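Descriptive structure summary
Listed here are the chains, written in short residue letters.
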Amino acid sequence: MTPSRALAKLQRLVQIPTISSSDAALIDTAAFDRLLEAMVELFPLLHARLELTRVGAHGLLFRWAGASAERPVVLMAHLDVVPVDADSSWTHPPFDGVIADGYLWGRGPLDDKGCVVGICEAVELLLERDFVPAQDVWLSFGADEEVFGTDASDAVAILTERGVRPWMVLDEGGAVAHDAFPGVTRPVAVVGVAEKGSSSFEMRAEGRGGHASMPARMGPTARLARAILRIERSPFPAKLPAPAIELFSRLAPHAPGPLRPLMANGAKLAPLLTRALVLAGAEPAALARTTVAVTTLSGSPAINVIASTAKAGVNVRIMPGESVASTRRHLEKAISDEHVHLDLLESGEPSPVSLYEDEPAFNLLEECVAEVFGDAVTSPYVLMGATDSRHFTAICERVYRFAPFRMSKAQRESIHSYDERIGTDDFEEGVRWYGRLIERLT
Ligand SMILES: [Zn+2]
C-alpha cells in the first residue's frame with residue numbers, strides 16, 4: 001500500500017533519529033540538520049510564505065500572518081524524541097518507519113512528530129488554496145523538549161520582545177483516548193488545562209563514617225532509611241482539582257448506571273470521589289494528590305566501609321494549587337530529623353489552570369473535536385507529565401495540551417517505551433483537525 005501524502009511525510013521524519021540529550025556531546029546534530037532540511041522539502045509553501053525565526057540550535061518559530069494580529073494563536077510541537085532502550089523488543093525497528101497492520105511504527109509518531117507533521121501538513125494544504133487565517137498563527141517547534149531544554153522559553157522571550165500576547169496556545173499532552181475509563185465506551189478527548197510540576201530534591205544524611213567492624217547506632221544509612229519510610233507513611237493530602245471534577249461530570253452520562261450519580265455530582269461528592277481514586281491504585285491516586293518517588297540511592301562506595309554520607313534522590317510531582325515550597329515543608333515535617341537535609345536540585349512549579357468554563361477558546365477545540373471525531377467526549381484534565389507549553393503560561397491564560405489523535409491504552413503506554421505507533425487513518429484525522437482549527441479561527 002502506498003502511504004498517503006501526509007503519512008509519507010511523517011514516515012520520512014520518523015526515519016531521522018533526532019534523539020535529544022542533556023549532554024550536548026551526545027547529540028547527533030547532523031540528524032537534526034537533516035530533519036530541518038527534510039521539512040523544507042516536504043513543506044515548500046510553508047517555508048516560502050511564513051516568516052521563520054531560528055530558536056537555539058535547531059528550534060523553529062514560524063509566523064503565518066493572518067488578517068488580524070489581535071488574537072494570535074500558537075501551535076506547538078517538538079522535533080526531538082527520547083532514546084530507544086537497547087533491551088526493548090520492537091516489532092519493527094524504531095527508525096525504519098515501517099507501515100504495517102494499519103499503523104506507522106517507530107520512535108516519535110505519537111511523541112511528537114505526528115503533531116509536527118499534522119500542523120505543517122494542515123498549513124501546507126491551506127496555503128495551497130491561498131487561505132489566509134483570521135488571526136496570526138505562530139508555529140513553535142522546539143528541539144529539546146525531552147531534556148527540559150531552553151527552546152520553548154527562548155521562543156516565549158522572542159514573542160514577548162515582539163509584543164505578542166497569544167490568545168491561545170496548543171501543545172501536545174492529551175489525546176482522543178480510547179478505553180481510558182472503565183465502563184465508558186465513548187473515546188474521551190482529554191485537553192490538558194494544567195500540568196503538575198516536577199521537582200527533585202537530594203535527601204542527604206550525614207554522620208561519622210569508619211570501619212564496618214565498629215558500627216554506631218543511627219548512622220547515615222539508617223537515618224536515610226528511616227526518612228524514606230517516614231515520607232512513604234506521610235502521603236500528601238488528596239484533593240481533586242477542579243478540572244478533574246469537571247472530567248468526571250462530563251463522563252457521567254456515558255458511565256455505567258451505578259457510577260453515574262457519583263460522577264455527575266463530583267463537586268458535592270469530591271471527598272468521596274477522591275477517596276475512591278486514592279484506593280483505586282497508583283495511577284488514579286496520582287490524579288488526586290502530589291506524589292513522591294524516592295528514586296536513586298547511594299551510600300558507601302565499599303562494602304566494608306561505613307558511609308559518612310548517604311543520599312537519596314526524591315522526585316515530586318506537585319499538584320496545581322501547591323508549590324515547591326509547600327512540598328518541601330511537607331517533606332521536612334514528615335522526615336522530622338535535623339540531621340537529614342533536603343537540597344533542591346530541580347525546581348518545577350505546577351502550572352496555573354487555563355480557562356475552560358464558558359471559554360470560547362476551549363469551546364473551539366471542543367467543536368473541532370465534535371466535527372472530526374464525532375463520538376468523542378471532550379473534557380479538561382490535569383496532565384501528570386510536563387510539556388514545553390508550561391513556559392507559555394507566563395504570557396497566555398489559554399494554554400491547552402492536546403494531540404488530535406486517537407490512542408488506545410496500548411498506544412499511550414508505548415510513548416517513551418517500545419512499539420510506539422500511530423494509526424494511519426487516525427493520523428489523517430489529526431491533520432484534518434488542525435486544518436479545521438485554523439479555518440475556524442475568527
Ligand atoms: Zn512529547
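The following refers to the structure shown.

Procedures and definitions
Residues numbered from 1 in each chain as written. Predicted model: local features only at pLDDT ≥ 70, side-chain atom pairs only at ≥ 80, totals over all residues. Heavy atoms only, no water. Helix = DSSP H or I, 4+ residues; strand = E, 2+ residues; numbered from the N terminus. Rg over C-alpha atoms; globule rule 2.2 N^0.38 Å. Buried < 20%, exposed > 50% of the residue type's maximum accessible area, 1.4 Å probe, protein only. Contact = heavy atoms within 4.5 Å. Areas by Shrake-Rupley, 256 points an atom, 1.4 Å probe, with all protein chains shown as cover. Pairing = 2+ DSSP bridges. Axes fitted to C-alpha atoms, helices over the stretch in contact; angles between N-to-C directions. Donors = N, O, S within 2.8 Å, 3.2 Å for Na, K, Ca; no water. Tetrahedral: all angles 85-135°; square planar, octahedral: opposite > 155°, others 65-115°. Parallel < 35°, antiparallel > 145°, perpendicular 65-115°, else oblique. Nonpolar A, V, L, I, M, F, W, Y, C, P; charged D, E, K, R; others polar. Polar contact = N/O pair within 3.5 Å; in protein donor to acceptor, adjacent residues only side chain to side chain. Expected span 1.5 Å × (residues − 1). Phe/Tyr/Trp six-rings, centres within 6.5 Å; stacked < 30°, edge-to-face > 60°.

A word on the overall build of the protein chain
Scanning the protein chain from terminus to terminus reveals 14 helices and 17 strands. Relative to the globule expectation of 22 Å for 442 residues, the C-alpha radius of gyration of the protein chain, 24 Å, shows essentially globular dimensions. For the protein chain, the spread of C-alpha atoms along the three principal axes comes to 80 × 55 × 50 Å. Relative to its 442 residues, the protein chain shows a buried fraction of 50%. Considering only residue pairs separated by 6 or more positions, the protein chain has 81% of its internal contacts joining residues 24 or more positions apart. With an accessible surface of roughly 19,500 Å², the protein chain has 54% of that area assigned to carbon and sulfur atoms.

Focus: the sheet that holds strand β13 (residues 309-318)
One open sheet holds the 4 strands; their spatial order is β11-β13-β9-β14, and the pairing between them is antiparallel. Each end of this open sheet is capped by a strand with a single partner; those strands are β11 (291-298) and β14 (340-346). Here the strands of the sheet are splayed against their neighbours by 25° on average, with no regard to which way each runs. In this sheet, β14 lies alongside strand β9 (residues 197-206) in antiparallel orientation, the contact comprising 6 bridges. Residue pairing across strands places F201 opposite L344, the latter belonging to β14.

Remarks on the coordination of the zinc ion
Protein coordination at the zinc ion: the donors are H78 (NE2), D111 (OD), E172 (OE) and E172 (OE), at 1.9 to 2.5 Å from the metal. Geometry at the zinc ion is irregular, judged from its 4 donor atoms and the angles of 55 to 149° they form at the metal. Motif for the zinc ion, donor spacing along one chain: H-x32-D-x60-E. Taken together, the residues H78 in strand β3 (residues 68-78) and E172 in strand β7 (residues 168-177) connect sequence positions 94 residues apart. Taking relative accessible area as the criterion, H78 reaches 1% and is therefore assigned buried.

As for the pairing of β9
Of all 10 residues that make up β9, 7 are buried, and the element is covered over most of its length. Relative to β13, β9 runs antiparallel, the two being bridged by 10 bridges. The residue of β13 that forms the bridge with E202 is G313.

Here's the deal with the side chain of S379
Tracing the backbone through its elements, the reader meets S379 in strand β15 (residues 377-383). Here S379 is in contact with A189, V190, V191, E246, L247, R250 and F362, once residues within four sequence places are set aside.

Here we look at unusual backbone geometry
Following D111, the chain continues into D112 via a peptide bond in cis, with omega recorded as 10°. Although it is not a glycine, F148 sits at a positive phi angle of roughly 55°. For F148, a relative accessible area of 53% corresponds to the exposed category. In the Ramachandran plot, H416 falls in the positive-phi region, its phi being about 65° despite a non-glycine side chain. Note on placement: H416 falls in the loop between α13 (409-414) and β17 (421-423).

Some remarks on the packing of helix α1 (residues 5-14) against helix α14 (residues 424-439)
Two numbers describe how α1 lies on α14: the axes approach to 10 Å, and their chain directions differ by 105°. By the angle class used here, α1 and α14 are roughly perpendicular. Side by side, α1 and α14 meet where A6, L7 and L10 of the first sit next to T424, F427, E428 and V431 of the second. Class assignment for the residues of the contact of α1 with α14 results in 5 nonpolar, 1 polar and 1 charged.

Thoughts on the environment of D154
Structurally, D154 can be placed in helix α5 (residues 151-161). We classify D154 as partly exposed; its relative accessible area is 30%. Along the backbone, D154 and G59 are 95 residues apart, and their C-alpha atoms lie at a distance of 9.4 Å.

A few points about the side chain of H78
There is a polar contact of 2.9 Å between the side chain of H78 and the side chain of D111. Ignoring any residue separated from it by four or fewer positions in sequence, one finds H78 in contact with D111, D112, V116, G142, E145, E146 and E172.

Section: helix α4 (residues 109-128)
The terminal C-alpha atoms of α4, which comprises 20 residues, lie only 25 Å apart, well short of the 28 Å expected from a rise of 1.5 Å per residue. For α4, the buried fraction is high: 18 of the 20 residues fall into the buried class. Just downstream of α4, D130 is the residue with a positive phi angle, here 55°.

Quick notes on the packing of aromatic side chains
Per the counting criterion, the structure on display carries 8 aromatic pairs. Here the aromatic rings of F362 and Y400 are separated by 5.7 Å at their centres, their planes lie at 65°, and the arrangement is edge-to-face. Of this pair, F362 sits in helix α12 (residues 360-373) while Y400 sits in strand β16 (residues 399-407), and the two are 38 residues apart along the sequence. Classification of F362 by relative accessible area gives buried; the value is 0%.

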